[in-house]
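So the chains spell out like this:
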Amino acid sequence: MRLNKLLYGTVALLIAATGFVACTDNIAFGDASLDKAAGAEATKDTVFSNAEYTRQFLVGIYSEQYYGLPYVNSDRLPHSTNPYAGKCDALTDCWHMGWNGAAVYGQYYTGSLTANVTRSDGLDGPLFSYDKEHVWQAVRAGHIFLENADKAPGIGADELGRLKAEARCLIAARMWDMFQRYGGIPILNHALEVTETTAKFPRNTVEECVDYMVSQLDTAIAEPNFPWITADPSTMSGRWTRAGARALKAKILQMAASPIFNPKDGQPYYKGVADSIKPYIMYTDASKYQERWDRFYQACKEFFDDWNTNGYYQLTQAEGTGTKTVQQYRLAYRKGYFLRSSKEILHSVRHQGYDAYSSGRYCWHSWYSSSVSRNLYWPTQEYVELFPWSNGDPFDWDTAWNYVYNEDGSLKYTSAGTPNASARGLNSMFLRGTESSLSQQLINVQLTRDPRLYEECIVNGMQKNLDWTTGAMSGNIWELWVGGTDALTGITSQTGMFGTGYGFNKYYLGDGNQTGSGDNLRYQTQWVYLSLNEMHLMYAEALLKKSSPDIQAACEQVDIVRARVGLGSLKQRVFGNKAYTNSVYTEKINEGKIYESDALLEEILNERVRELGLQDIRWFDMIRYRRTDWMTKQLHGLEMHRLKQNAAGEWVESDTQWTNGDKTTDKSSRQPHYFTYKKVELFGNKRDMWGKDPESNEVRKWLLSPFPQTEINKDYGLIQNPGWE
């Protein structure tokens, strides 16, 4: 069987999750897999006496990796794959969850989350469960492999070295998945034995956890048989490589250097924490603050040194000759994260098989449809406004509004009597086109914003399909005005697929129907765990934060990512072509606050969410930079009303469908492209956090998740995070 087939599925930790785990109740923390299993030694002897079984055992650990798209409700899979839990992106300022059946709403938006997790499915606990994510099975299984793989006959030293390096990456990655959400966690540094009846596995410190994860990755990186790329990317994609290991090391050190764990003033994120608690939630030696940023910088540099030597990975570029269109840049961006053959992906995770859209085994897409509206990760107006114009100039709502409205709020009209549609006005903020006697839809359509906007979000007027070869758009348009074919009344009631006036498109690429005829049909939806574009943006941050900041080099790393989608440089488009020595780059933002930032860092963080939307990155940045201001600010949607001429020739609001309305009944009807616009506060599934003091402990406590009280009560040394006692 081809290796990539094995990676999908359920060789099942055949042995790892049940046959190999052996310990007593004294140390039975976390998953049920930590309980003693009968016949463990016999199973171990069987597996590691056969080369193929040994290889499959490692593949079984791959099946326990983090997959960031909730797609099925099953207690056999990690908790975070459950749509009834939800994605952490919906806790940020860029997306809002419109379904009240997920824990995102039930536990977070309502402020109801506590450490007392009583449900067997964990849905009254954190989105990433401490004891139901299969983390501990994977870590333990990884150590079982490391301790026993040498026994397998028929595996040469070169292959054995590679497989062990992969196992170390799997251990580090699963620990990292937990660490970034909880801070210090217990380190399981070997496969537990039956004889460890009195063992304690206390919570380790932040410093100990970081050093341990990095040591596992350093050992893997140093393995001479651990390749930079897999021997055959077409059949072995999804395997850990040296490139992935270097990227994960850099990401771990990025968070380790960030204010959540590495506060410059030496003060913890939560006020009044006892000294005995601090080592588990931060570094306590503030004198090494800069050293930690330099360590992160060095890890990034080592990645790119290796990359410069060995190559292969590259950002997917727009194809074709001459001036590229926004559509072609869209396609390049889409291929970069979506296709398994993409050379910009450093490590990915995928589920088994292809998505039939209506399959109960994979409902990430089918639960985001007009008939089943549950995976409602609505982009916010705040997110959409982060995307610049197509040349890279920042989008400014007030400027665009002034092109369309007079000071008294009345509409502006052209000399021809039509509503103003200036190139930088609201009527052109998504696209421009020309009416034609030959087509009811606009022709010569030009998308006017950052190409990634249309790949991250569904916006009004864009067509539903993008050709995988040419980038040409086709199909019906998305009608996201009040009363439009797709939005209907969902915008005013803030319900359905488009409750904010927008929908999400990243990892979706559908057409709104559960049966599906979207661009994602018959493709497998992989989760991008690490990628080259993220590494460029990580390196930009490292260059900014190292001992001797290099602002020009930092901007140039961001520009590499922007150029792939046709945007101008930061210096030219964002910072007014000022010299890199100008203070405009380092101007303080929120000075003196727990969430203090500066101009260039803020732009890097915004570039990260534009480039890496719905990939947990905004949440990750929110936590590590302690952006409680993102947690507490009121968010908004966009309410649009279609403008039609009445019998008197006046332009009036008309909340009517077009595709399923006058496009069909009146052949002279043309695609609507004049609207009224209003930013509206979100009230659907309103968050308890909105309006609260972002500096208060009431808000700060949410930066790290609570450990289940039941785990603390087992008395193996787990200590609760502050505010959740």
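Structure's up top.
The structure displayed is predicted, hence computed values, not measured ones.

S.K.: Give a description of the overall build of the protein that names residues and reports values.
M.R.: Secondary structure assignment for the protein yields 24 helices and 15 strands. Taken along the three principal axes of its C-alpha coordinates, the protein extends 90 × 55 × 50 Å. When contacts within the protein are restricted to residue pairs at least 6 apart in sequence, long-range pairs at least 24 apart make up 71% of them. Carbon and sulfur atoms make up 46% of the accessible area of the protein, which totals about 25,900 Å². Charge-centre separation for the protein: the mean point of 76 positive side chains lies 3 Å from the mean point of 85 negative side chains.

S.K.: Can you lay out the sheet that holds strand 13 (residues 636-645) for me, pointing to particular residues and giving the numbers?
M.R.: Taken together, the three strands give an open sheet; going across it, the order is 14-13-15, and neighbouring strands pair in antiparallel fashion. Among the strands making up the open sheet, the edge pair consists of strand 14 (651-653) and strand 15 (675-681). The sheet shows a mean angle of 30° between the axes of neighbouring strands, taken without regard to direction. Note: strand 13 against strand 15, seven bridges, orientation antiparallel. From the neighbouring strand, His636 faces strand 15, where its bridge partner is Glu681.

S.K.: Tell me what's going on with the pairing of strand 10 (residues 526-531), and back it up with residues and numbers.
M.R.: Of all the six residues making up strand 10, six are buried; the element is thus mostly covered by neighbouring parts of the structure. Judged from the five bridges that link them, strand 2 (residues 345-350) and strand 10 form a sheet pairing that is antiparallel. Residue pairing for strand 10: Val349 is matched across the bridge by Trp527.

S.K.: Can you tell me about the packing of helix 3 (residues 51-62) against helix 6 (residues 157-182), naming the residues and giving the values?
M.R.: The contact between helix 3 and helix 6 brings their axes to 10 Å, and the two run at 25°. Here helix 3 is positioned roughly parallel relative to helix 6, judged by the angle of their axes. In the packing of helix 3 onto helix 6, the handedness of the crossing is left-handed. Note on element contacts: helix 6 touches helix 3 through Glu159, Leu163, Glu166, Ala167 and Leu170, opposite Arg55, Leu58, Ile61 and Tyr62. Here the residues of the contact of helix 3 with helix 6 are counted per class, giving six nonpolar, no polar and three charged.

S.K.: Describe the packing of helix 9 (residues 242-257) against helix 16 (residues 532-545), naming the residues involved and giving the relevant values.
M.R.: The interhelical angle for the contact between helix 9 and helix 16, taken along N-to-C directions, is 40°, at an axis separation of 11 Å. Taken together, the axis directions place helix 9 and helix 16 in an arrangement best described as oblique. Between helix 9 and helix 16 the crossing geometry is left-handed. In this structure, helix 9 uses Ala247, Ala250, Lys251 and Gln254 to contact helix 16, whose residues at the interface are Glu534, Met535, Met538 and Glu541. Here the residues of the contact of helix 9 with helix 16 are counted per class, giving four nonpolar, one polar and three charged.

S.K.: How would you explain the packing of aromatic side chains if you had to name every residue and give the values?
M.R.: This model, assessed by the stated rule, comprises 53 aromatic pairs. Between Trp389 and Phe395, the ring centres sit 5.4 Å apart and the planes meet at 55°, which makes this aromatic pair tilted. The buried category is assigned to Trp389, whose relative accessible area is 4%. On the accessibility criterion, Phe395 (9% relative accessible area) is buried. Ring centres of Trp478 and Phe498 lie 5.5 Å apart, and the angle between their planes is 65°; on these two criteria the pair is classed as edge-to-face. Of this pair, Trp478 sits in the loop between strand 8 (473-477) and helix 15 (490-493) while Phe498 sits in the loop between helix 15 and strand 9 (503-504), and the two are 20 residues apart along the sequence. What makes Trp478 buried here is its relative accessible area of 2%. Ring pairs connect the aromatic residues Tyr66, Phe128, Tyr333, Tyr337, Phe338, Trp468, Tyr507, Tyr523 and Trp527, which therefore count as one cluster.

S.K.: Outline the pattern of salt bridges, listing residues and values.
M.R.: Enumeration over the complete set of coordinates arrives at 50 salt bridges. Here Glu611 makes a salt bridge to Arg564, at a shortest N to O gap of 2.7 Å. Pair noted here: Glu611 is in helix 19 (residues 599-611) and Arg564 is in helix 17 (residues 551-564), with a separation of 47 residues, a long-range link. By relative accessible area, Glu611 is classed as buried at 1%. Of the residues examined, Arg564 reaches a relative accessible area of 1% and is grouped as buried. As a salt-bridge pair, Arg610 and Glu607 come within 2.8 Å of each other at their nearest N and O atoms. One end of the pair, Arg610, and the other, Glu607, are both in helix 19, three residues apart, so they sit about a helical turn from each other. The pair Arg610 / Glu607 is uniform in exposure class, with both members buried. Through salt bridges with shared partners, one network takes in Glu344, Asp450, Arg452, Arg562, Arg564, Glu603, Glu607, Arg610 and Glu611.

S.K.: Residue-level account of helix 13 (residues 397-404), with values.
M.R.: Inspection of helix 13 places Trp397, Ala400 and Val404 among the buried residues, and these make up the whole buried set. End-on, the buried residues of helix 13 take up no more than an arc of 70°, which puts them together on one face. In this structure, the buried side of helix 13 is in contact with helix 12 (381-384), strand 13 and strand 15.

S.K.: With reference to specific residues and values, describe unusual backbone geometry.
M.R.: One non-glycine residue, His134, lies in positive phi territory at about 65°. Counting through the fold element by element, His134 comes out in the loop between helix 4 (103-109) and helix 5 (135-148). Its identity is not glycine, yet Tyr312 carries a phi of approximately 75°, on the positive side. Mapped onto the secondary structure, Tyr312 falls in the loop between helix 10 (289-310) and helix 11 (326-338). The exposure class of Tyr312 is partly exposed, given its relative accessible area of 29%.

S.K.: Describe the environment of Ile623, with residues and values.
M.R.: Relative to the assigned elements, Ile623 resides in helix 20 (residues 617-624). Overall, the relative accessible area of 1% leaves Ile623 in the buried class. Ile623 sits 365 residues away from Ser258 along the chain, and the two C-alpha atoms are 9.3 Å apart.

S.K.: Got a sec to walk through the side chain of Arg610? Specific residues and values, please.
M.R.: The exposure class of Arg610 is buried, given its relative accessible area of 3%. A distance of 2.5 Å separates the side chain of Arg610 from the side chain of Glu603, its partner in a polar contact. Ignoring any residue separated from it by four or fewer positions in sequence, one finds Arg610 in contact with Tyr333, Tyr383, Leu386, Phe387, Pro388, Asp450, Arg452, Glu456, Arg562 and Glu603.

S.K.: Describe in detail the nonpolar core, supporting the description with residues and values.
M.R.: Within the largest apolar cluster, 219 residues are counted, with the highest numbers of intra-cluster contacts made by Trp240 and Leu248. Considering each element in turn, this core owes the most residues, 14 residues, to helix 6. Each residue touching Leu248, except ones within four places of it in the same chain, is listed here: Cys169, Ala172, Ala173, Trp176, Leu217, Trp240, Tyr529 and Leu530.

S.K.: Outline the side chain of Arg174, listing residues and values.
M.R.: Within the secondary structure layout, Arg174 lies in helix 6. For Arg174, a relative accessible area of 3% translates into the label buried. Non-local contacts of Arg174, meaning those with residues more than four positions away in its chain, are made with Glu64, Gln65, Tyr66, Phe128, Glu133, His134, Val135, Ala138 and Val139.

S.K.: Requested: an account of the environment of Leu704, with residues and values cited.
M.R.: Mapped onto the elements of the fold, Leu704 is located in the loop between helix 23 (697-700) and helix 24 (709-713). By relative accessible area, which is 1% here, Leu704 ends up buried. C-alpha separation for the pair Leu704 and Ile623, spaced 81 residues apart in sequence, amounts to 7.7 Å. Apart from the residues lying within four places of it in its own chain, the contact partners of Leu704 are Gln180, Arg181, Tyr182, Gly183, Phe261, Tyr269, Ile281, Asn721 and Trp724.

What counts and what doesn't
Residues numbered from 1 in each chain as written. Predicted model: local features only at pLDDT ≥ 70, side-chain atom pairs only at ≥ 80, totals over all residues. Heavy atoms only, no water. Helix = DSSP H or I, 4+ residues; strand = E, 2+ residues; numbered from the N terminus. Contact = heavy atoms within 4.5 Å. Areas by Shrake-Rupley, 256 points an atom, 1.4 Å probe, with all protein chains shown as cover. Lys, Arg positive; Asp, Glu negative; His and termini not counted. Charge placed at Lys NZ, Arg CZ, Asp CG, Glu CD. Pairing = 2+ DSSP bridges. Axes fitted to C-alpha atoms, helices over the stretch in contact; angles between N-to-C directions. Buried < 20%, exposed > 50% of the residue type's maximum accessible area, 1.4 Å probe, protein only. Parallel < 35°, antiparallel > 145°, perpendicular 65-115°, else oblique. Left-handed = near helix turned anticlockwise from the far one by under 90°. Nonpolar A, V, L, I, M, F, W, Y, C, P; charged D, E, K, R; others polar. Phe/Tyr/Trp six-rings, centres within 6.5 Å; stacked < 30°, edge-to-face > 60°. Salt bridge = Lys/Arg side-chain N within 4 Å of Asp/Glu carboxyl O. Arc of directions from axis to C-beta. Polar contact = N/O pair within 3.5 Å; in protein donor to acceptor, adjacent residues only side chain to side chain. Core = buried A, V, L, I, M, F, W, Y, C linked by side-chain atoms within 4.5 Å.

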